[in-house]
Each structure stands twice: as structure tokens, then as C-alpha cells.
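Listed below, chain by chain, are the residues.
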Amino acid sequence: MRPHDIGGSDRFGAIDTSDDRQPFHHEWEARVFAINRALLARGTYTLDEFRDAIERMSAQEYHGASYYERWLYAIETLLARKGVFSDDA
Amino acid sequence: MPSKRCSLERVCFQMTHEIGARIRTRPQRLDGHTRLPHYLERKPGVVRAVLGEYPLPDRSASNPMHAPRTWLYTIEFQGRDVWPDGEGRIYADLFEEYLEAER
């Protein structure tokens, strides 16, 4: 099963419901958000491809990454796959 | 919306399930992208809304240019049907491929 599909599982502890009302906690997160929006808008990849890229992370990678770290992983993976830049970029 | 992104072949010309219809979810392709969560597999539910036709994400994820459009429904589940100690109701927007008619 894919690592994101944990709805209903009781193996991950209580959900953190605290909310500091900040959409981003680091400037790089806002930049990742904007880059993803721009790439989706120009059709470089679709939202479905983006989600699929995140879901293909290993369980260890997925749960060890923050929300926007996963976004960045997907963006890098897709841009390499689409030939926008090479693997060693 | 860029028109070059998808070729929109229609899988069905008429939605299969009507509002109020009883359905049961069925598991999708093992380990592929899907919008049916594991905890809602093989569960009985009722159609509460028809949301329109959209490209099936299970196919679009790997082949964005040729994903068939398919009907999307809002399904209502009873909490007790989903988990042993479940309560209340759960609503999930699910594609036609994820559903079969429940007798």
C-alpha cells in the first residue's frame, strides 16, 4: 500500500490540531507552493501526476519528510522525468 | 484550461448510479494511484450527489493525455459500516470505477 494511505490507521499517534494560522513556516515553502502552481498552470504536469509522484516515495522517505518537502520531491522528480532538467541538475 | 492536455474519450454516456442508489466500493489496481482510500474499500454506501464527469485520476496519473472522463459521485457511508466502533457518517467523492451496484 502506498505510504500516504493511512486514513483510519492508529499507528501514527494523535493528530496535531494546533494551528498557528501560518500557511508557511519557511520562505522556501512559499516558493515551492508558487513553483508548483506555476508548473500546473502551464501544463508541465497534472495534479494527478504530482500526487502520484509523492505517493511513490518509500514509506521511510514519505514519513521522514515534511509536507512541503514532499512537494519539492515531486516537483524535482517530475521535472527530471519530463526532461526539463537532467538528473544531475 | 489548456486544451492540449487531455483527449477526452468518454467511458460512459450515461451515469450508472442515481441519487439514492446503494453501492459498494471495490478495491482498485494494487499500488497504483487512486482516490479510493484503503479504509473505504469494500464498504456499502449510498449515492447522495452526482458531481459531473472528470478524467479518472488512476489513469491520468500515468497517462495525462488519454485519461477517460468518468462520473464522480458523493457517497455517504455510515461510520459503523467503516469501523467497528465507527459513529456518524462519512462523505467521500468517488469515481464510478470505484463503485458497483449493491443488491
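Parameters at a glance
- One numbering rule holds for all chains: residues counted from 1, following each sequence as written.
- The lettering of chains begins at A and the numbering of ligands begins at 1, in the order of writing.
- Reporting in this predicted model follows two pLDDT cut-offs: at least 70 for local features of residues, and 80 or more for side-chain atom pairs to be given and counted; totals over whole chains, interfaces and linings ignore these cut-offs and use all residues.
- With hydrogens and water excluded, all non-hydrogen atoms of the structure serve as input to the side-chain values.
- A fitted line through C-alpha atoms represents every axis, and for helices the fit uses only the stretch in contact; the resulting angles, taken between N-to-C directions, go from 0 to 180 degrees.
- Only DSSP runs of H or I reaching four residues or more are called helices, and only runs of E reaching two or more are called strands; each is numbered from the N terminus.
- Should an angle fall under 35 degrees it is called roughly parallel, over 145 degrees roughly antiparallel, and 65 to 115 degrees roughly perpendicular, with every other angle called oblique.
- What makes a crossing left-handed is the near helix being turned counterclockwise from the far one by less than a right angle; a clockwise turn instead makes it right-handed.
- The contact criterion used is simple: two residues touch if any of their non-hydrogen atoms lie within 4.5 Å.
- The residue classification treats Ala, Val, Leu, Ile, Met, Phe, Trp, Tyr, Cys and Pro as nonpolar and Asp, Glu, Lys and Arg as charged. All others, Gly included, are polar.
- Throughout, buried area stands for the accessible area (probe radius 1.4 Å) lost by two parts on being put together, summed over both.
- Should a side-chain nitrogen of Lys or Arg be within 4 Å of a carboxyl oxygen of Asp or Glu, the pair is scored as a salt bridge.
- In this scheme, a residue with accessible area under 20% of its type's maximum is buried, one over 50% is exposed, and one in between is partly exposed, where area comes from a 1.4 Å probe on protein chains only.
- The method works on a 1 Å grid over the protein atoms by themselves. A cavity is a set of points holding a 1.4 Å probe that cannot get out, a pocket is an open set with protein on both sides within 12 Å along at least five of seven lines, and residues with an atom within 4 Å of a point line them.
- Grid points are joined across faces, edges and corners, and a volume is the space filled by probe spheres set on the points.

## Things to note about the packing of helix α2 (residues 47–55) of chain A against helix α4 (residues 67–81) of chain A
Residue and element names in this part refer to chain A. Interhelical geometry of α2 versus α4 gives an angle of 110° and a closest axis separation of 9 Å. In terms of axis orientation, α2 runs roughly perpendicular to α4. Pair α2 / α4 crosses with right-handed handedness. Mapping the contact onto sequence places Glu49, Phe50, Ala53 and Ile54 in α2 and Arg70, Trp71, Tyr73, Ala74, Ile75 and Leu78 in α4. In the contact of α2 with α4, the residues fall into eight nonpolar, no polar and two charged.

## Focus: the packing of helix α1 (residues 27–41) of chain A against α4(A)
Residues and elements named next belong to chain A. One can describe the packing of α1 onto α4 by two numbers: an axis separation of 10 Å at closest approach and a directional angle of 40°. By the angle class used here, α1 and α4 are oblique. Helix-helix and strand crossings are classified by hand; for α1 and α4 the assignment is left-handed. Contact residues: Trp28, Glu29, Val32, Phe33, Ile35, Asn36 and Leu39 in α1; Tyr68, Glu69, Trp71, Leu72, Ile75 and Leu79 in α4.

## Considering the interface of chain B and chain A
Of the residues lining the interface, 14 residues belong to chain B; the matching set on chain A comes to 13 residues. When chain B packs against chain A, close to 1300 Å² is buried across both sides, 49% of that on carbon and sulfur atoms. Remark: the boundary between chain B and chain A carries zero salt bridges. Residue composition of the side of chain B that touches chain A, grouped by class: seven nonpolar, four polar and three charged.

## Some remarks on α2(A)
For α2(A), the buried fraction is high: seven of the nine residues fall into the buried class. What α2(A) keeps buried is the set Asp48(A), Glu49(A), Phe50(A), Asp52(A), Ala53(A), Ile54(A) and Glu55(A). Buried residues along α2(A) sit against α1, α3 (59–64) and α4 of chain A together with α1 (57–60) of chain B.

## Overview of the layout of surface pockets
Of the volumes computed, that of the largest pocket is approximately 660 Å³. Around the largest pocket, the lining is made up of 29 residues, and of these His4(A), Asp5(A), Glu55(A), Thr34(B) and Arg35(B) lie nearest the centre. When residues of the lining of the largest pocket are traced back to their parent elements, those giving at least two are α1, α2 and α4 of chain A. The element contributing the most residues to the lining of the largest pocket is α2(A), with five residues. When its residues are assigned to classes, the lining of the largest pocket shows 13 nonpolar, seven polar and nine charged.

Worth remembering: the numbers are spatial, not functional.
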